[in-house]
Each structure stands twice: as structure tokens, then as C-alpha cells.
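What follows is the residue order along each chain.
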Amino acid sequence: MISLTNIVFSHTSDKPANNDAIFSMPLMNVTRMTDLAPQYQAVSDDSSIPMVLIAGIALVLAAIAGGVFWYYRTREPEVPTSDAVTMDLCRAHGLSIYHRGLIDRLAAAAELSHTAEMFLSPLHFDSAVDKAKQAVRLRRHHHGWLGEIRRTLFDS
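How each quantity is defined
Residues numbered from 1 in each chain as written. Predicted model: local features only at pLDDT ≥ 70, side-chain atom pairs only at ≥ 80, totals over all residues. Heavy atoms only, no water. Patch = residues over 30% accessible without salt bridge, like charges linked within 9 Å, V, L, I, M, F, W, Y side chains within 5 Å. Areas by Shrake-Rupley, 256 points an atom, 1.4 Å probe, with all protein chains shown as cover. Salt bridge = Lys/Arg side-chain N within 4 Å of Asp/Glu carboxyl O. Helix = DSSP H or I, 4+ residues; strand = E, 2+ residues; numbered from the N terminus. Buried < 20%, exposed > 50% of the residue type's maximum accessible area, 1.4 Å probe, protein only. Lys, Arg positive; Asp, Glu negative; His and termini not counted. Polar contact = N/O pair within 3.5 Å; in protein donor to acceptor, adjacent residues only side chain to side chain. pLDDT = per-residue confidence, 0-100.

Undergrad: Report on a nonpolar patch on the surface, specifying residues and quantitative values.
TA: A cluster of nonpolar side chains, Ile49, Met51, Leu53, Ile54, Ile57, Val60, Leu61, Ile64, Val68, Trp70, Tyr71 and Tyr72, forms an exposed patch at the surface whose accessible area comes to about 1,300 Å². Looking at where valine 60 falls in the secondary structure, it is placed in helix α2 (residues 51–74).

Undergrad: Describe unusual backbone geometry, with residues and values.
TA: One non-glycine residue, glutamate 111, adopts positive backbone phi at about 60 degrees. With respect to the element layout, glutamate 111 can be found in the loop between α4 (97–109) and α5 (122–135).

Undergrad: Could you give me a rundown of the side chain of aspartate 104, with the residues and numbers involved?
TA: With respect to the secondary-structure elements, aspartate 104 resides in helix α4. Nearest to the buried, unbridged aspartate 104 among oppositely charged side chains is arginine 105, at 8.3 Å. Within the local environment of aspartate 104, its side chain forms a polar contact with the side chain of threonine 115, the two groups lying 3.1 Å apart.

Undergrad: So, the confidence of the model for the protein chain: which residues are in play, and what are the values?
TA: Chain-level statistics for the protein chain give a pLDDT mean of 79 and a share of 71% at 70 or above. Highest mean pLDDT in the protein chain belongs to α5 (92); lowest belongs to helix α1 (residues 19–24) (55).

Below you can see the structure in the form of C-alpha cells.
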């Protein structure tokens, strides 16, 4: 017995036909839900979580990530400076945490009584750096930092 759900249409002809015509004929295969096994017949909903909830969660996560990023970019870092005067001078001149640490290390290597002496004049700064270079080895990027620090402090 032939049922309508199992009919497959194809092109049959007694005469030899053009191959392009044979392949351009559409084949129709129909599968109904009743033809499927019972475990595949269940129809599911589109989504159990609404898109508004997903968008809200993504927005909250983006806000949290932005807040954490903003906090770490704007916080006042802990810098190992020898005294509060040096910290205030570094903050007043807008020196970064790396520059602050380098100034403090160089002042300690140059055996200055106060790190703030490096801020007095270019002569004090240069003599402290020259004395410190004999005691500590500076890396290549430190030389660039020293130029930036000197320009920041004395070229205004």
C-alpha cells in the first residue's frame, strides 16, 4: 500500500533526455512527525531563557568588568618611597609608579640622606644618578625613564 507520506517524485521517461533537464527536476521527500521515532517527536520551545535576561546578564558583567578596570587604572599604587615628602613630590609632578620606584632605588644607591634631594636641581639629580650608576646596573629602559623623569622635573 502506498501512503502519501512515503511518495518520492523523480523524473522517469522512455526517451533519452537531456542530462541537465534530469538534474534540474526537484525531488520531493516528505517526512512527517509521525514517521519519526517517539523520542524525536517531542517539539521543544525556542528558548527557556528570555533574550532580555541574557542581555541583562551581559550588561551587568560588562559593568563589573568596567568597574574593576577603572579601579585598577585610577587607584593610588603602593610605592616603596623612603618618606612622605618624596611621595608628595612624585604625586605633584605626576610621576608613575615605575618612575617613583626608580628614583627611590637610585637615591638609596647614591647614599642620599633624603630621596627628595634629587628634586632640588638638575645638578643634584645628575650627580645622584651618576653616583648610583656605579653601584647599580640599570637596564636599557631605565635610561629612557631617567630622561623622562628629568624632563618632567626640570623642563617646565
